[in-house]
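# Coordinate analysis (summary)
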Amino acid sequence: MTKIKIKTELERILPKKNILSAIEECYVYSQDGTNGLDSPKLPDVIVFPETIEEVQSIMKFANAHKVPVIARGAGTNLVGACIPMRGGIVINFTKMNKIIDINKTNMTAKVQPGVIVGELQNRVSEQGLFFPPDPSNLKVSTIGGAIAQSAGGPKTFKYGTTKDYILALKVVLADGTILECGTNTIKNATGYHLEQLFIGSEGTLGIVVEATLKLIPKPESTKVVMAYFDDIDSATASVTNMIDSNIYPSTIDFMNNNTLKTVEKFYPAGLLTDKEAALIIEIDGFESSFDTQISRLKNVLITTGASNIVISQTKEEQEKIWTARRASFAATAKLKPDVVTNDVIVPRENISALVKGINSICEKYGLIICIVGHIGDGNIHPQIALDLNNKEEVRAYENAKKELYDLTLNLGGTLSAEHGIGLDKKAFLANAIPAETLDYMKKMKMVFDPNNILNPEKIFDI
Ligand SMILES: Cc1cc2nc3c(=O)[nH]c(=O)nc-3n(C[C@H](O)[C@H](O)[C@H](O)COP(=O)(O)OP(=O)(O)OC[C@H]3O[C@@H](n4cnc5c(N)ncnc54)[C@H](O)[C@@H]3O)c2cc1C
């Protein structure tokens, strides 16, 4: 179907002000947060629905004419999950961004998919509640995107990821049918958990138009401890020792030496740049418990070989540490024209082998790397600075990536902890998932989307 025809048909469903189709607008929506992946086609039209009924009508039209549909939140994913490989309709959810309800007694929130994660956190926090998933770019990314990518973030160690906070979803299927799955109760053993199927499905099975989220009581306070180490093994050993000592931080994040140096250069935060590794450990709970928690934590860190321990004394000091950690991606981007990242994960006991292995691989291929990660989860983000216009560097990166995945799988891990598969990792999926399982995933896709119009070519090819 031609672009003009698609646009004309969509103008029967949506007000003209909610439709974009100019070439420069289509160009913007042909990309997402991923560096180095180009779309062979521009989308034909971008639409901004305001109601569930509009989404249903768009899907009925698209399905009848086999037009591809790509859902889009803030477009910040890092695996090419929003790239419109076959053109078609991009559904942008910025106009479906309402927090419908926050129920303090039930500790639930009902939201539209375009709600910004950080905004939700702020709003529930006013009522003494907490929504822990944080895709690290929470000031811009949306709940719809977090659900579709199964986002995690720094607080996974204690609180889990997005999948642990979805009670119910309202989903528009490829043919426009509304599927309501899950309940607004905290427990539910009533049939299959179809809502979980859509988490991490990257917009390939259905379009999430409403979500009921589980909330928890907001911890009274938080404190951040930064521990520096002269070697990687001591840093990782301290994670095991914390667990052995029944210390349960909300976050155990990691920065390697090159990250400390790079961040400090562009965002002077007082980081100790001569150290091999640093852990950012956030504890939370009642303030009255902090003396005990900190003293136990300090003991563990000293015994495990921490050479410096800095305990934040004020909110501003805490914020400075977190800003430095969050700035690592942007700071790495300043080392070369481009930056690419990854989100491999291994069982916690193999984290040291993973970090060391990544260092050797990058050294072998002459790549500049800053390593950060949610080390308490076994999840590492190697951030590689390179020039994507330099063919040799790109070849080196591609080879390094293959070796990284082999290493991760050999260490009992998997390809993606929280960014998803998208386009970026689909060539490697068969190495990580047994053939029968992959086959069932494909069969499931065909049940929900027999015409393969929902975000085609993502996760796997049909
Ligand atoms: C600097 C940086 C740091 C990051 N750090 C982390 C991190 O620490 N942890 C982590 O988990 N992630 C991290 N991420 C990645 C993060 O997961 C994504 O950026 C975010 O969750 C995507 O949200 P979005 O609104 O931008 O979604 P988009 O990028 O717009 O979309 C992502 C996917 O969701 C689908 N989608 C969007 N809305 C819907 C909907 N309503 N229904 C169905 N499908 C939909 C899209 O089709 C696409 O497949 C980071 C990203 C950046 C840029």
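Read on for a plain summary of the structure. (Residues numbered from 1 in each chain as written. Predicted model: local features only at pLDDT ≥ 70, side-chain atom pairs only at ≥ 80, totals over all residues.)

### Some details on the overall build of the protein chain
What counts is decided by this rule: The secondary structure listing takes helices from DSSP runs of H or I that are at least 4 residues long and strands from runs of E that are at least 2 residues long, numbered from the N terminus. The globule rule used here is 2.2 Å times the number of residues to the 0.38 power, and the radius of gyration it is set against is calculated over C-alpha atoms. Counts of 20 or more other C-beta atoms within 10 Å of a residue's own C-beta define buried residues, counts of 12 or fewer define exposed ones, and intermediate counts define partly exposed ones; C-beta atoms are placed from the backbone. Residues are scored as being in contact if the C-beta atoms we place from backbone atoms lie within 7 Å.
On a plain count of helices and strands, the protein chain comes out with 16 helices and 18 strands. Over its C-alpha trace the protein chain gives a radius of gyration of 22 Å, about what one expects of a compact globule, namely 23 Å for 462 residues. Taken along the three principal axes of its C-alpha coordinates, the protein chain extends 65 × 60 × 45 Å. Every one of the 462 residues in the protein chain was classed for burial, and the buried ones make up 49%. Residue pairs at least 24 apart in sequence account for 73% of intrachain contacts in the protein chain once pairs closer than 6 positions are excluded.

### Details of the sheet that holds strand E1 (residues 19-20)
In any sheet, the strands associate via hydrogen bonds between backbone groups, in a parallel or an antiparallel arrangement. The following threshold applies: A pair of strands is considered paired only if DSSP assigns at least 2 bridges between the two. Note on geometry: axes are C-alpha line fits, over the in-contact stretch for helices, and angles between N-to-C directions span 0 to 180 degrees.
Taken in spatial order, the 4 strands of this open sheet run E1-E2-E4-E3, and their pairing is mixed. Because the sheet does not close on itself, it has two edges, and the strands there are E1 and strand E3 (69-72). Its contacts with the sheet place helix H1 (residues 3-10) against E1, strand E2 (45-47) and strand E4 (89-92), and it is angled at close to 20 degrees to E2. Relative to the sheet, helix H3 (residues 52-65) contacts E2, E3 and E4, its axis offset from that of E4 by approximately 170 degrees.

### Topic: the site of the ligand
Definition in use: What makes a residue near a molecule or strand is its C-beta atom, placed from the backbone, lying within 6 Å of it. Side-chain classes follow a simple rule in which Ala, Val, Leu, Ile, Met, Phe, Trp, Tyr, Cys and Pro form the nonpolar group, Asp, Glu, Lys and Arg form the charged group, and the remainder, Gly included, forms the polar group. Here the bounds of each domain stem from an automatic or database domain assignment.
In the region of the ligand, 36 residues are neighbours, and Gly73, Gly144, Gly145, Ala148 and Gly203 sit closest. Within the residue set of the shell around the ligand, elements represented by two or more residues are E3, helix H5 (143-149) and strand E10 (207-214). It is H5 that contributes the most residues to the shell around the ligand, 5 residues altogether. Its residues assigned to classes, the shell around the ligand comprises 15 nonpolar, 17 polar and 4 charged. In terms of domain composition, the shell around the ligand takes at least three residues from each of domain 1 (3-92) and domain 2 (99-217).

### With respect to the sheet that holds strand E5 (residues 99-103)
Judged by pairing direction, the sheet is antiparallel, and its 5 strands sit side by side in the order E5-E6-E10-E8-E9 without closing on themselves. At either margin of the open sheet sits one strand with a lone partner, and together these are E5 and strand E9 (178-182). Averaged over all neighbouring strand pairs, the angle between strand axes comes to 10 degrees, with direction disregarded. When strand E8 (residues 166-172) meets E10, the two strands line up antiparallel, connected through 6 bridges.

### Quick word on the packing of helix H8 (residues 232-244) against helix H13 (residues 351-364)
Defined as follows: Put simply, angles under 35 degrees are roughly parallel, angles over 145 are roughly antiparallel, angles from 65 to 115 are roughly perpendicular, and the rest are oblique. Helix crossings fall into two classes, left-handed where the near helix is turned counterclockwise from the far one by less than a right angle and right-handed where it is turned clockwise.
Remark: H8 packs on H13, axes separated minimally by 9 Å, with the N-to-C direction vectors making an angle of 150 degrees. On the basis of their axis angle, the class for H8 and H13 is roughly antiparallel. For the pair H8 and H13, the crossing hand works out as right-handed. Two secondary-structure elements touch here, H8 through Ile232, Asp233 and Thr236 and H13 through Ile351, Ser352, Val355 and Lys356. By residue class, the composition of the contact of H8 with H13 is 3 nonpolar, 2 polar and 2 charged.

### Observations regarding the nonpolar core
The line we're drawing: For our purposes the nonpolar core covers buried Ala, Val, Leu, Ile, Met, Phe, Trp, Tyr and Cys residues that link as a set through C-beta atoms within 7 Å.
Membership of the largest hydrophobic core comes to 122 residues, with the highest contact counts inside it found for Ile89, Ile91, Ala227 and Ala278. In contact with Ile89, other than residues within four places in its own chain, are Ile6, Pro43, Asp44, Val45, Val47, Ile58, Ala62, Val67 and Val69.

### A few points about helix H11 (residues 315-326)
Test applied: Between the first and last residue of a helix there are one fewer steps than residues, each counted as 1.5 Å, and that sum is the expected span. Here the arc refers to the set of directions running from the helix axis out to each C-beta atom.
Between the first and last C-alpha of H11 there are 16 Å, a value that for 12 residues agrees with the 16 Å anticipated at 1.5 Å per step. Those residues of H11 that sit buried are Ile321, Ala324 and Arg325. Buried positions in H11, seen along its axis, are confined to an arc of 100 degrees and lie on one side of it. Opposite the buried face of H11, at more than 90 degrees from it, the exposed residues are Lys315, Glu316, Glu319 and Thr323. Its buried side turned inward, H11 meets strand E12 (221-229), strand E13 (251-256), helix H9 (257-266), strand E14 (277-285), helix H12 (328-333) and strand E17 (368-374).

### Looking at the packing of H13 against helix H14 (residues 391-410)
Packing of H13 against H14 brings their axes to within 10 Å, and their N-to-C directions diverge by 160 degrees. Classified by the angle their axes make, H13 and H14 are roughly antiparallel. As H13 runs across H14, the sense of the crossing is right-handed. Along its contact with H13, which presents Leu354, Gly357, Ile358, Ile361 and Cys362, the element H14 presents Ala400, Glu403, Leu404, Leu407 and Thr408. Residue composition of the contact of H13 with H14, grouped by class: 7 nonpolar, 2 polar and 1 charged.

### Observations concerning the pairing of E9
Where E8 lies against E9, 5 bridges are found, and the strand directions are antiparallel. Pairing of Lys170 across the sheet is with Glu180, part of E9.

### Details of the pairing of E13
Along E13, 6 of the 6 residues are buried, which leaves the element largely enclosed by surrounding structure. Residues Thr251, Asp253 and Met255 of E13 are buried on one face, and the alternating residues Ile252, Phe254 and Asn256, pointing to the opposite face, are buried as well. Across 6 bridges, the pairing between E13 and E14 is antiparallel. Pairing of Met255 across the sheet is with Ala278, part of E14. Strand direction decides the pairing type here: E13 and E17, joined by 2 bridges, are antiparallel. Looking at the pairing, Met255 lines up with Val372 of E17.

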